[in-house]
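Here's the letter readout for the chains.
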Amino acid sequence: MEKITPLAMVLLFLFAAVVAVPLFKKIKLGAILGYLAAGVVLGPYGFGIVTDADSMLHFAEIGVVLLLFVIGLELDPEKLWSMRRHIAGLGVAQLLFSALLIGLVVVVLTHSINIGLILGLSLGLSSTAFAIQLMAEKGVMARQEGRRGFAILLLQDLAVIPILFLVGALATNVTAETVSWYWSILAIISLLVIGRYGIIPVLAMVTRYGSRETMTAASLLIVVGAAYLMYVAGLSMGMGAFIAGILLANSSFKHQLESDIEPFKGITLGLFFIAIGMTLDLPLLLEKPFLLLIFALALMFLKTVIIGVLFKLGGVDWRSGLKVALMLSQGGEFAFVIISQASAGGVVPIEIANQVNLVVGLSMALTSPLVSILDWIVTSKKTVNTQQVDEVIPSEKAEVLILGFGRFGQTTGRILAANNIPFIAIDKNAEHIEFVRKFGNQVYFGDASRLDVLQNAGIESVKVVLVGTDDMAQTESIVRLIKHEYPKVRVVTRARNRSAYWSLKAAGADQVIREVFKASLDAASYALTSIGFSSSEALRKVERFETHDHQLLNDTFVHRDDIEQLITLGKQGRSDLERIFNEDKKS
């Protein structure tokens, strides 16, 4: 085929992404598989529009660089410290056991320890994009098993850099002159010094004297500059971006940088997966479909068992733990990165690399259907589909901003409307929006976790923000974002349980309403009056319990991640409550 122009190539990439991603998300296979399929179609094993897939893959690594920078930005030291036990325990154990068992199988098949080591570590990683999306859809992010699953994914993200280091150390193919070790050390030190003392003043000057476009350019300059510095020093470009992200994780520019980089990260990461799709050996898949399918199922089974057992040992209910373990059982997007570098470095033969890439792709394709089947078997719950609609930006002034207009948000909205208090509601369920609008509610489509959407909704002028989103992990993220950017705005939200209450208070929420607590108190009061207590006696006992429970909840806040201490304080609180009620009887 005649060589096409760069502009035509960009047009083809955009067209493939726009068509493939919505289609694959509609059939519950995920965006990543959509990109991979688009790459297969465009690549040498498809229509042959792109023949030099390796060069395209090298260029598209910028998407991985931006992803690692964003991961570094999100590694808040306080959050890492609060999850240290789960990260160091579950996360390390999962990766080590998975790498060990997978690596042993690979060594038996290939008779190579190096190949077994690299494939064991790379296949031990899960897809953060797949797993987070599935956990959010199933509403498990705020639960015990969801938080521990997130800790495993976080450890895996942290492990990518040392694994890439290991690949570089084992590489036998050197295409350029080797850089002296002292230049590498000097590059790391330079990046740390510049990141610590130089970047923040530059960003402050840009925000003061530059435009929004200049700030975006500065954000990209930081990432690409850090990556290039590591590249010329003979190190991984991703490591430079990752270090830069960590250095800026606690800065006041964190959310601005993340907002600036996010669109470019999404597009370039999609380009990376398209490039991966171009390198997938389609004839090999057609030649050995059953063998590769068995390998993919075996990988998922092995990781599901390992994670499920670890969850069970950690006190997680086996049904809930098994479902989350299956969500984390597929091969991850970083396996493509590691395998491509290992293949380029001569560590893993190209034939084996092609097979592994196909196994990872198949495991991704199988994850969502298998989770749905397991979910149907265990819980018999249906997954609700939502259609995509264009975002509508509200313009009227409001005193209250409601994020998530379900039953929780609607109750507040009706009271505000009855008292002629203007409010704006945002929800991202398109079908739900169309339904509530039939009753005269002014609800707008938007993603409440995005700072630009909140700004367009007029968050600068509101007095109160009511966060009523269903996903507790997203709720926590929204609360943190609002309190960081607009600390004077009062934030009211809800919590399903004590763990969610602690997390939201730690995120900065001014008021956290426990969903069933008030209703439980009313039910208890009715039960007491029904068995003979007077209304005043019942009310007094319920109020005493409410005061005591609220105090206990706040006292245990600092020990929220220490289960042994929580058990001790819980027993002590129960004794104190019994003493209070006994004193009431005597009086």
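Nothing here was measured: the structure is a model prediction, and the numbers come from that model.

Asker: What should I look at first to understand the overall build of the protein in this one?
Answerer: From N to C terminus, the protein includes 27 helices and six strands. Expressed as a percentage of the 587 residues in the protein, the buried residues total 46%. At a minimum sequence separation of 6, the contacts of the protein that also span at least 24 residues come to 74%. Approximately 29,900 Å² of the protein is accessible, and the part contributed by carbon and sulfur atoms is 63%.

Asker: I would appreciate a short explanation of the pairing of strand β2 (residues 423-427) in the present structure.
Answerer: On a regular strand, one side chain projects to one face of the sheet and the next to the other, so that they alternate. The element β2 is extensively covered by neighbouring structure, given that five of its five residues are classed as buried. Side-chain alternation along β2 places Phe-423, Ala-425 and Asp-427 on one buried face and Ile-424 and Ile-426 on a second face that is also buried. Judged from the four bridges that link them, strand β1 (residues 400-403) and β2 form a sheet pairing that is parallel. Looking at β2, one finds that Leu-401 is bridged to Ile-424. For the segment spanning β1, helix α20 (residues 407-418) and β2, crossover handedness is right-handed. Of the pairings in the sheet, the one linking β2 to strand β3 (residues 443-445) comprises three bridges and is parallel in character. Looking at the pairing, Asp-427 lines up with Phe-445 of β3.

Asker: Can you walk me through the sheet that holds strand β6 (residues 511-514) in this structure?
Answerer: Through backbone hydrogen bonds, the strands of a sheet pair up, either in parallel or in antiparallel fashion. Strand order in the open sheet formed by six strands is β3-β2-β1-β4-β5-β6, and the pairing between neighbours is parallel. Sheet topology places β3 and β6 at the edges, where each strand pairs with a single neighbour. In this sheet, neighbouring strand axes are inclined to one another by 20° on average, regardless of whether the strands run parallel or antiparallel. Packed onto the sheet, helix α23 (residues 472-485) meets β1, β4 (464-467) and β5 (490-495) and runs at close to 170° relative to β5.

Asker: Looking at this model, I keep getting lost on the pairing of β5. Mind explaining?
Answerer: Here β4 pairs with β5 via four bridges, running parallel. Paired with Val-465 across the bridge in β5 is Val-491. Taken together, β4, α23 and β5 form a β-α-β motif whose crossover is right-handed. Here four bridges tie β5 to β6, and the two strands are oriented parallel to one another. The residue of β6 that forms the bridge with Arg-494 is Ile-513.

Asker: What exactly am I supposed to notice about the pattern of salt bridges here?
Answerer: A pair can form between side chains of opposite charge whenever their charged atoms are brought close. Counted according to the given criterion, the structure contains three salt bridges. Between Glu-399 and Lys-463 there is a salt bridge, and its shortest N-O distance comes to 3.7 Å. Here Glu-399 is found in the loop between α19 (350-378) and β1, whereas its partner Lys-463 is found in the loop between α22 (451-456) and β4, with 64 residues between them in sequence. Looking at Glu-399, the relative accessible area reads 35%, which means it is partly exposed. The class of Lys-463 is exposed, set by a relative accessible area of 56%. Linking Glu-476 and Arg-480 is a salt bridge whose minimum nitrogen-to-oxygen distance equals 3.5 Å. You can see Glu-476 and its partner Arg-480 sitting in helix α23, four residues apart, about one turn around the helix.

Asker: Can you walk me through the confidence of the model for the protein in this structure?
Answerer: Low-pLDDT portions of the prediction should not be read for the details of their coordinates. On average, the protein scores 77 in pLDDT, and the residues at 70 or more come to 80%. Across residues 380-395 the pLDDT falls below 50, and counting only partners more than four positions away or on other chains, this stretch makes 26 contacts in the model.

Asker: Before we go on, may I ask you to explain the nonpolar core in this structure?
Answerer: For soluble globular proteins, the rule of thumb is that nonpolar side chains tend to be buried together. With 96 residues, the main nonpolar core has Phe-69, Leu-257 and Phe-334 as its most contacted residues. Top contributing element to this core by residue count: helix α14 (residues 254-279), with ten residues. Grouped together as the second largest cluster of nonpolar side chains are 31 residues, Ile-426, Leu-451, Ala-457 and Val-467 included.

Asker: Where do I start with a nonpolar patch on the surface in this structure?
Answerer: On the surface, Val-105, Leu-109, Leu-291 and Phe-295 cluster together to form a nonpolar patch covering roughly 350 Å² of accessible area. Sorting the residues of the nonpolar patch by element identifies α6 (84-110) and α16 (289-313) as the ones contributing at least two each. In this fold, Val-105 is placed in helix α6. Judged by its relative accessible area of 47%, Val-105 is partly exposed.

Asker: Would you explain the environment of Leu-12 in this entry?
Answerer: Along the chain, the position of Leu-12 falls in helix α1 (residues 6-26). Considering only alpha carbons, one finds Leu-12 and Leu-42, 30 residues apart in sequence, at a separation of 8.3 Å.

Asker: Can you help me understand unusual backbone geometry in this one?
Answerer: Glycine aside, negative phi is the norm for most residues, and most peptide bonds take the trans geometry. Unusually for a residue other than glycine, His-111 sits at a positive phi of about 60°. With respect to the secondary-structure elements, His-111 resides in the loop between α6 and α7 (113-123). What makes His-111 exposed here is its relative accessible area of 70%.

Asker: How should the packing of helix α9 (residues 144-170) against helix α18 (residues 333-344) be read in this particular structure?
Answerer: Between two packed helices, what matters for the description is the angle formed by their axes and the separation of those axes. One way to put it is that α9 packs onto α18 with a least axis distance of 10 Å and a crossing angle of 10°. Taken as axis vectors, α9 and α18 run roughly parallel relative to one another. From α9, Asp-157, Val-160, Ile-163, Leu-164 and Val-167 reach across to α18, where they touch Phe-334, Val-337, Ile-338, Gln-341 and Ala-342.

So, how was this worked out
Residues numbered from 1 in each chain as written. Predicted model: local features only at pLDDT ≥ 70, side-chain atom pairs only at ≥ 80, totals over all residues. Heavy atoms only, no water. Helix = DSSP H or I, 4+ residues; strand = E, 2+ residues; numbered from the N terminus. Buried < 20%, exposed > 50% of the residue type's maximum accessible area, 1.4 Å probe, protein only. Contact = heavy atoms within 4.5 Å. Areas by Shrake-Rupley, 256 points an atom, 1.4 Å probe, with all protein chains shown as cover. Pairing = 2+ DSSP bridges. Right-handed = clockwise from strand over helix to strand, strands pointing away. Axes fitted to C-alpha atoms, helices over the stretch in contact; angles between N-to-C directions. Salt bridge = Lys/Arg side-chain N within 4 Å of Asp/Glu carboxyl O. pLDDT = per-residue confidence, 0-100. Core = buried A, V, L, I, M, F, W, Y, C linked by side-chain atoms within 4.5 Å. Patch = residues over 30% accessible without salt bridge, like charges linked within 9 Å, V, L, I, M, F, W, Y side chains within 5 Å. Parallel < 35°, antiparallel > 145°, perpendicular 65-115°, else oblique.

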